[in-house]
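Close look at the chain arrangement
Okay, here's what each chain looks like letter by letter:
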Amino acid sequence: MHSPDLTRLAALPGIQAVLLDLDGTLIDTLDEFEHALGHMLAELGLPGTDRHTIAVTIGKGSEHLVRTVLARALRAAARPHDEAAVQALFERAMQVYFAGYDDAASQHMAKVYPGVREGLQALAAKGLPMAIVTNKPGRLARPLLAATGLDGWVQFLYSGDSFEKRKPDPYPLLQACARLGVPPAQTLMIGDSRNDALAAQAAGCPVVLLRYGFNHGEPIETVAADGYADSIANIAAALPQRAPNHHANSNANASPASL
Ligand SMILES: O=C(O)COP(=O)(O)O
Ligand SMILES: [Mg+2]
(Lines give C-alpha, C1' and ligand atoms only; values in the text may rest on other atoms or scores of the structure.)
(Ligands and ions follow the chains in the order given, each with its own letter.)
Protein backbone atom coordinates (compact mmCIF):
# COMPACT_ATOMS: atom_id res chain seq x y z
CA MET A 1 0.00 0.00 0.00
CA HIS A 2 1.21 3.53 -0.77
CA SER A 3 1.25 6.17 1.88
CA PRO A 4 -1.64 8.58 1.03
CA ASP A 5 0.89 11.41 0.81
CA LEU A 6 2.56 9.67 -2.10
CA THR A 7 -0.55 9.20 -4.24
CA ARG A 8 0.43 12.18 -6.42
CA LEU A 9 3.79 10.53 -6.91
CA ALA A 10 2.26 7.28 -8.15
CA ALA A 11 0.29 9.36 -10.69
CA LEU A 12 3.33 11.22 -12.07
CA PRO A 13 4.08 10.46 -15.73
CA GLY A 14 6.77 7.76 -16.13
CA ILE A 15 9.65 8.53 -13.78
CA GLN A 16 12.85 7.35 -15.54
CA ALA A 17 15.60 8.47 -13.14
CA VAL A 18 16.13 9.74 -9.61
CA LEU A 19 18.28 12.54 -8.18
CA LEU A 20 19.13 12.36 -4.49
CA ASP A 21 20.14 15.03 -2.02
CA LEU A 22 22.78 13.91 0.52
CA ASP A 23 22.71 15.60 3.95
CA GLY A 24 19.38 15.11 5.68
CA THR A 25 18.15 12.79 2.90
CA LEU A 26 20.56 9.84 2.69
CA ILE A 27 22.77 10.44 5.71
CA ASP A 28 22.36 12.03 9.12
CA THR A 29 25.56 14.06 9.28
CA LEU A 30 24.68 16.26 12.25
CA ASP A 31 27.31 14.61 14.52
CA GLU A 32 30.00 15.18 11.89
CA PHE A 33 29.04 18.83 11.46
CA GLU A 34 28.98 19.32 15.23
CA HIS A 35 32.43 17.74 15.62
CA ALA A 36 33.97 19.74 12.76
CA LEU A 37 32.48 23.07 13.84
CA GLY A 38 33.40 22.43 17.50
CA HIS A 39 36.99 21.80 16.42
CA MET A 40 36.97 24.94 14.27
CA LEU A 41 35.64 27.20 17.03
CA ALA A 42 38.04 25.77 19.64
CA GLU A 43 41.01 26.29 17.30
CA LEU A 44 39.93 29.90 16.74
CA GLY A 45 39.42 30.50 20.48
CA LEU A 46 35.71 31.16 20.01
CA PRO A 47 32.74 29.92 22.08
CA GLY A 48 31.04 26.71 20.92
CA THR A 49 27.77 26.47 19.04
CA ASP A 50 24.69 24.29 19.62
CA ARG A 51 23.19 21.43 17.60
CA HIS A 52 20.00 23.33 16.80
CA THR A 53 21.90 26.20 15.13
CA ILE A 54 23.87 23.68 13.09
CA ALA A 55 20.77 21.66 12.11
CA VAL A 56 18.92 24.74 10.83
CA THR A 57 21.95 26.01 8.90
CA ILE A 58 22.90 22.77 7.08
CA GLY A 59 21.92 22.49 3.44
CA LYS A 60 23.34 25.61 1.81
CA GLY A 61 26.93 24.41 1.54
CA SER A 62 29.97 24.52 3.85
CA GLU A 63 30.83 28.16 3.23
CA HIS A 64 27.41 29.34 4.30
CA LEU A 65 27.52 27.09 7.37
CA VAL A 66 30.99 28.26 8.42
CA ARG A 67 30.17 31.97 7.87
CA THR A 68 26.91 31.71 9.84
CA VAL A 69 28.49 29.86 12.76
CA LEU A 70 31.48 32.23 12.81
CA ALA A 71 29.24 35.31 12.95
CA ARG A 72 27.24 33.84 15.84
CA ALA A 73 30.34 32.83 17.77
CA LEU A 74 31.92 36.27 17.33
CA ARG A 75 28.71 37.87 18.58
CA ALA A 76 28.61 35.48 21.58
CA ALA A 77 32.20 36.53 22.34
CA ALA A 78 31.09 40.21 22.20
CA ARG A 79 33.42 40.79 19.24
CA PRO A 80 32.63 42.54 15.96
CA HIS A 81 30.60 40.07 13.90
CA ASP A 82 29.92 41.90 10.64
CA GLU A 83 30.84 40.55 7.21
CA ALA A 84 34.37 42.00 7.35
CA ALA A 85 35.06 40.39 10.75
CA VAL A 86 33.85 37.03 9.46
CA GLN A 87 35.85 37.41 6.25
CA ALA A 88 39.04 38.09 8.22
CA LEU A 89 38.76 34.64 9.85
CA PHE A 90 37.17 32.78 6.97
CA GLU A 91 40.14 31.19 5.21
CA ARG A 92 41.69 29.83 8.42
CA ALA A 93 38.24 28.76 9.62
CA MET A 94 37.61 26.69 6.47
CA GLN A 95 41.00 24.99 6.86
CA VAL A 96 40.37 23.92 10.45
CA TYR A 97 36.75 23.07 9.64
CA PHE A 98 37.87 20.64 6.92
CA ALA A 99 40.50 19.15 9.27
CA GLY A 100 37.79 18.66 11.92
CA TYR A 101 35.47 17.12 9.34
CA ASP A 102 38.17 14.68 8.21
CA ASP A 103 38.63 13.68 11.84
CA ALA A 104 34.86 13.17 12.24
CA ALA A 105 34.83 11.10 9.05
CA SER A 106 37.59 8.86 10.39
CA GLN A 107 35.43 8.22 13.45
CA HIS A 108 32.44 7.13 11.29
CA MET A 109 29.96 9.44 12.96
CA ALA A 110 27.57 9.62 10.01
CA LYS A 111 24.40 7.52 10.13
CA VAL A 112 22.54 6.30 7.06
CA TYR A 113 18.83 6.99 7.67
CA PRO A 114 16.45 4.02 8.05
CA GLY A 115 14.95 2.94 4.72
CA VAL A 116 17.79 4.37 2.60
CA ARG A 117 19.62 1.15 1.75
CA GLU A 118 16.38 -0.76 1.09
CA GLY A 119 15.01 2.22 -0.83
CA LEU A 120 18.04 2.55 -3.11
CA GLN A 121 18.01 -1.18 -3.71
CA ALA A 122 14.31 -1.03 -4.64
CA LEU A 123 14.82 1.99 -6.93
CA ALA A 124 17.67 0.17 -8.69
CA ALA A 125 15.49 -2.95 -8.99
CA LYS A 126 12.89 -0.78 -10.74
CA GLY A 127 15.52 0.08 -13.34
CA LEU A 128 15.90 3.71 -12.25
CA PRO A 129 19.39 5.22 -12.66
CA MET A 130 20.35 7.48 -9.74
CA ALA A 131 22.73 10.39 -9.11
CA ILE A 132 23.45 12.54 -6.08
CA VAL A 133 23.13 16.33 -6.24
CA THR A 134 24.36 17.86 -2.98
CA ASN A 135 25.61 21.26 -1.85
CA LYS A 136 28.26 19.51 0.25
CA PRO A 137 31.79 19.96 -1.15
CA GLY A 138 33.12 16.94 -3.03
CA ARG A 139 36.08 16.49 -0.68
CA LEU A 140 33.61 15.79 2.17
CA ALA A 141 30.89 14.03 0.16
CA ARG A 142 33.08 11.46 -1.66
CA PRO A 143 34.65 9.81 1.43
CA LEU A 144 31.26 9.81 3.16
CA LEU A 145 29.63 7.97 0.27
CA ALA A 146 32.53 5.52 0.07
CA ALA A 147 32.54 4.86 3.84
CA THR A 148 28.79 4.20 3.92
CA GLY A 149 28.85 2.16 0.68
CA LEU A 150 26.11 4.34 -0.82
CA ASP A 151 28.35 5.18 -3.77
CA GLY A 152 27.64 1.73 -5.15
CA TRP A 153 24.05 2.69 -5.91
CA VAL A 154 24.59 5.91 -7.84
CA GLN A 155 25.97 6.70 -11.29
CA PHE A 156 27.69 9.93 -10.26
CA LEU A 157 27.87 12.74 -7.73
CA TYR A 158 27.47 16.47 -8.32
CA SER A 159 28.65 18.34 -5.25
CA GLY A 160 28.56 21.94 -4.05
CA ASP A 161 31.78 22.67 -5.92
CA SER A 162 31.04 20.79 -9.16
CA PHE A 163 29.63 23.97 -10.73
CA GLU A 164 29.59 27.67 -9.94
CA LYS A 165 25.87 27.45 -9.21
CA ARG A 166 24.38 25.20 -6.58
CA LYS A 167 20.89 24.45 -5.24
CA PRO A 168 18.46 26.29 -5.07
CA ASP A 169 19.70 27.11 -8.59
CA PRO A 170 18.42 24.45 -11.01
CA TYR A 171 21.76 24.24 -12.86
CA PRO A 172 23.25 21.13 -11.16
CA LEU A 173 19.94 19.26 -11.52
CA LEU A 174 19.70 20.15 -15.22
CA GLN A 175 23.28 18.98 -15.74
CA ALA A 176 22.49 15.72 -13.94
CA CYS A 177 19.35 15.12 -16.04
CA ALA A 178 21.34 15.75 -19.23
CA ARG A 179 24.07 13.30 -18.15
CA LEU A 180 21.48 10.67 -17.26
CA GLY A 181 19.79 11.28 -20.61
CA VAL A 182 16.37 11.74 -19.02
CA PRO A 183 14.13 14.84 -19.37
CA PRO A 184 13.67 16.78 -16.09
CA ALA A 185 9.91 16.10 -16.10
CA GLN A 186 10.70 12.38 -15.82
CA THR A 187 13.47 12.76 -13.23
CA LEU A 188 12.37 12.65 -9.61
CA MET A 189 14.30 14.75 -7.08
CA ILE A 190 14.31 13.36 -3.54
CA GLY A 191 15.40 15.85 -0.88
CA ASP A 192 14.87 17.18 2.62
CA SER A 193 14.68 20.93 2.23
CA ARG A 194 13.23 24.01 0.60
CA ASN A 195 16.50 24.35 -1.31
CA ASP A 196 15.91 20.98 -2.97
CA ALA A 197 12.30 21.83 -3.81
CA LEU A 198 13.16 25.24 -5.29
CA ALA A 199 15.95 23.74 -7.42
CA ALA A 200 13.70 20.90 -8.60
CA GLN A 201 10.78 23.17 -9.45
CA ALA A 202 13.02 25.59 -11.35
CA ALA A 203 14.52 22.64 -13.26
CA GLY A 204 11.07 21.19 -14.03
CA CYS A 205 11.66 18.03 -11.97
CA PRO A 206 8.97 16.55 -9.72
CA VAL A 207 10.12 16.52 -6.09
CA VAL A 208 9.38 14.43 -3.00
CA LEU A 209 10.60 15.61 0.41
CA LEU A 210 11.52 13.49 3.42
CA ARG A 211 10.02 14.43 6.76
CA TYR A 212 13.08 13.48 8.84
CA GLY A 213 15.68 15.84 7.37
CA PHE A 214 16.90 19.32 8.28
CA ASN A 215 14.86 21.75 6.12
CA HIS A 216 16.44 24.82 7.71
CA GLY A 217 14.43 24.14 10.91
CA GLU A 218 10.98 24.46 9.25
CA PRO A 219 8.30 21.73 9.10
CA ILE A 220 8.74 20.15 5.67
CA GLU A 221 5.07 20.36 4.72
CA THR A 222 5.34 24.17 4.61
CA VAL A 223 7.32 23.60 1.39
CA ALA A 224 5.33 22.89 -1.79
CA ALA A 225 6.20 19.47 -3.25
CA ASP A 226 4.72 16.58 -5.21
CA GLY A 227 4.82 14.37 -2.13
CA TYR A 228 6.19 13.95 1.40
CA ALA A 229 7.55 10.69 2.74
CA ASP A 230 8.91 9.10 5.88
CA SER A 231 11.52 7.03 4.07
CA ILE A 232 13.13 6.44 0.70
CA ALA A 233 11.83 2.87 0.90
CA ASN A 234 8.27 4.29 0.91
CA ILE A 235 9.04 6.47 -2.12
CA ALA A 236 10.49 3.49 -3.99
CA ALA A 237 7.38 1.44 -3.20
CA ALA A 238 5.16 4.18 -4.68
CA LEU A 239 7.03 4.34 -7.99
CA PRO A 240 6.20 2.03 -10.89
CA GLN A 241 8.82 0.00 -12.77
CA ARG A 242 10.67 2.13 -15.33
CA ALA A 243 9.19 1.86 -18.82
CA PRO A 244 11.23 -0.65 -20.89
CA ASN A 245 11.56 1.60 -23.99
CA HIS A 246 13.67 4.14 -22.15
CA HIS A 247 16.84 5.29 -23.95
CA ALA A 248 19.14 6.32 -21.13
CA ASN A 249 22.39 8.04 -21.96
CA SER A 250 25.08 5.38 -21.89
CA ASN A 251 27.52 7.92 -20.36
CA ALA A 252 25.37 7.70 -17.25
CA ASN A 253 26.67 4.21 -16.59
CA ALA A 254 29.91 5.43 -15.08
CA SER A 255 31.34 3.19 -12.40
CA PRO A 256 31.05 4.37 -8.79
CA ALA A 257 34.81 4.95 -8.80
CA SER A 258 34.21 8.02 -10.97
CA LEU A 259 32.52 9.80 -8.04
O1 LIG B 1 24.97 22.17 3.04
C2 LIG B 1 25.57 21.11 2.86
O3 LIG B 1 26.80 20.96 3.14
C4 LIG B 1 24.92 19.89 2.28
O5 LIG B 1 23.64 20.01 1.90
P6 LIG B 1 22.76 18.96 1.02
O7 LIG B 1 23.45 17.61 0.92
O8 LIG B 1 21.53 18.88 1.85
O9 LIG B 1 22.61 19.65 -0.30
MG1 LIG C 1 19.73 18.19 2.42
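Residues numbered from 1 in each chain as written. Chains lettered and ligands numbered in written order. Predicted model: local features only at pLDDT ≥ 70, side-chain atom pairs only at ≥ 80, totals over all residues. Heavy atoms only, no water.

By the naming in an unreviewed UniProt entry, the protein goes by Phosphoglycolate phosphatase and is assigned to Allofranklinella schreckenbergeri. Looking at the Subunit (unreviewed entry) heading of the UniProt record, one finds this comment for the protein: "Homotrimer." (UniProt positions renumbered as here; feature names shortened; annotations may be inferred.)

Attention shifts here to the packing of helix 2 (residues 30-43) against helix 5 (residues 83-106). Between helix 2 and helix 5, the shortest axis-to-axis distance is 8 Å and the interhelical angle comes to 135 degrees. Our classification of the angle between helix 2 and helix 5 gives oblique. Viewed along their axes, helix 2 and helix 5 form a crossing whose handedness is right-handed. Touching Glu 32, Phe 33, His 35, Ala 36, Leu 37, His 39, Met 40 and Glu 43 of helix 2 are Arg 92, Ala 93, Val 96, Tyr 97, Ala 99, Gly 100, Tyr 101, Asp 103, Ala 104 and Ala 105, all from helix 5. (Axes fitted to C-alpha atoms, helices over the stretch in contact; angles between N-to-C directions. Helix = DSSP H or I, 4+ residues; strand = E, 2+ residues; numbered from the N terminus. Parallel < 35°, antiparallel > 145°, perpendicular 65-115°, else oblique. Left-handed = near helix turned anticlockwise from the far one by under 90°. Contact = heavy atoms within 4.5 Å.)

Our next topic: the coordination of the magnesium ion (ligand 2). In this structure, Asp 21 (OD), Asp 23 (O) and Asp 192 (OD) serve as the protein donors to the magnesium ion (ligand 2), at separations of 2.1 to 2.2 Å. On the primary sequence, the residues serving as donors to the magnesium ion (ligand 2) are separated as D-x1-D-x168-D. Looking at Asp 23, the relative accessible area reads 8%, which means it is buried. (Donors = N, O, S within 2.8 Å, 3.2 Å for Na, K, Ca; no water. Buried < 20%, exposed > 50% of the residue type's maximum accessible area, 1.4 Å probe, protein only.)

So, on to the site of ligand 1. The environment of ligand 1 is formed by Asp 21, Leu 22, Asp 23, Gly 59, Lys 60, Gly 61, Thr 134, Asn 135, Lys 136 and Lys 167. Within the contact set of ligand 1, an oxygen atom lies 2.9 Å away from a side-chain nitrogen or oxygen of Asp 21. Between Gly 61 and ligand 1, the recorded distance is 2.7 Å, taken from a backbone N or O atom to an oxygen atom. When ligand 1 sits alone it has 280 Å² of accessible area, and the protein chains cover 99% of it. (Near = heavy atom within 4 Å. Polar contact = N/O pair within 3.5 Å; in protein donor to acceptor, adjacent residues only side chain to side chain. Areas by Shrake-Rupley, 256 points an atom, 1.4 Å probe, with all protein chains shown as cover.)

This brings us to the domain arrangement of the protein. Split into domains, the protein comes out as domain 1 (9-26 + 113-238) and domain 2 (29-107). Between domain 1 and domain 2, the C-alpha centre-to-centre distance is 26 Å. The partner domain 2 presents 15 residues to the twelve residues of domain 1 that form the contact. Taking both sides of the interface into account, the surface hidden between domain 1 and domain 2 amounts to around 1,300 Å²; carbon and sulfur atoms contribute 59%. Its largest share of buried area at the contact with domain 2, domain 1 owes to Leu 140, Phe 214 and His 216, together 40% of the area lost on that side. At the surface where domain 1 touches domain 2, the tally comes to one salt bridge. (Domains from an automatic or database assignment. Buried area = accessible area lost by both parts, 1.4 Å probe. Salt bridge = Lys/Arg side-chain N within 4 Å of Asp/Glu carboxyl O.)

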